[in-house]
Amino acid sequence: MPDDFSIRPATQADGSFLGDMVVEAANWRSGGARPRHEILTAVEHRRYVSGWMRPADAGFLAVDTDGHPIGAAWYRLLAPDDAGFGFVGTAVPELIIGVQPIWRAHGVGRTLLRRLVAHAREQGHPRISLSVERDNFARTLYRSEGFVVTDEGTVRDTMVHRAS
């Protein structure tokens, strides 16, 4: 598999692939994967893709050399009554990221994360948040990119990146 990929802005037509990436993110552990329909119909996951692309939504896709999507990172502004796992406040976008398993550990997630954080800053968002389970290996990536834990949960933590 080549390590060559590029990044492009997400469009409204990418909603289905973003759903695929929510499934990847929810099923990050090997074994015991839940089916796509079960994840995407659950309210705690549906909020991340339902109605994509709203005016305040933004995201990026990583695509291979043939233009096939291999990963995505996007954010949404959520309301307190529809708060996501990493909700910090109504003006703080919540980040969602997913990468196809075969492309993990090839820089795809880091590249997507950096591009989305830069975009959030360009759009005037001084902070961006996410939620990650404590034993998820992606936690190391988030820390290395400047995210800090702001709220410790029983299984997952909320992390925030502050624009510099």
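Structure's up top.
This text gives an overview of the structure that appears in the document.

About the criteria used
- Residues numbered from 1 in each chain as written.
- Predicted model: local features only at pLDDT ≥ 70, side-chain atom pairs only at ≥ 80, totals over all residues.
- Heavy atoms only, no water.
- Phe/Tyr/Trp six-rings, centres within 6.5 Å; stacked < 30°, edge-to-face > 60°.
- Lys NZ or Arg CZ within 6 Å of the ring centre and 35° of its normal.
- Pairing = 2+ DSSP bridges.
- Helix = DSSP H or I, 4+ residues; strand = E, 2+ residues; numbered from the N terminus.
- Core = buried A, V, L, I, M, F, W, Y, C linked by side-chain atoms within 4.5 Å.
- Buried < 20%, exposed > 50% of the residue type's maximum accessible area, 1.4 Å probe, protein only.
- Contact = heavy atoms within 4.5 Å.
- Expected span 1.5 Å × (residues − 1).

1. Quick word on the packing of aromatic side chains
Applying the stated criterion across every chain, the model contains three aromatic pairs. The ring of Phe-85 is capped by Arg-156, whose NZ or CZ atom sits 4.0 Å from the centre of that ring.

2. Focus: the pairing of strand 6 (residues 148–152)
For strand 6 and strand 7 (residues 156–162), the ladder comprises four bridges, and the chain directions are antiparallel. Of the residues in strand 7, the one forming a bridge with Glu-152 is Asp-157. If you look at the hairpin formed by strand 6 and strand 7, you'll find three residues sitting between the two strands.

3. Considering the nonpolar core
Core analysis: the largest hydrophobic core is formed by 25 residues, its most contacted members being Leu-95, Val-108, Leu-112, Leu-113, Ile-128, Tyr-142 and Phe-147. Counting only elements with at least two residues in this core, the list comes to strand 2 (58–64), strand 3 (69–76), strand 4 (94–99), helix 4 (108–122), strand 5 (127–133) and helix 5 (138–144). Among the elements that line this core, the one with the most residues is helix 4, at six residues. Every residue in contact with Tyr-142, bar those within four places of it in the chain, is listed here: Ile-97, Leu-113, Leu-130, Val-132, Phe-147 and Met-159.

4. Describing helix 4
Compared with the 21 Å implied by 1.5 Å per residue over 15 residues, the 21 Å span of helix 4 between its first and last C-alpha is a close match. Those residues of helix 4 that sit buried are Val-108, Gly-109, Leu-112, Leu-113, Leu-116, Val-117, Ala-118, His-119 and Ala-120. Residue Gly-124 follows helix 4 closely and has a positive phi angle near 90°.

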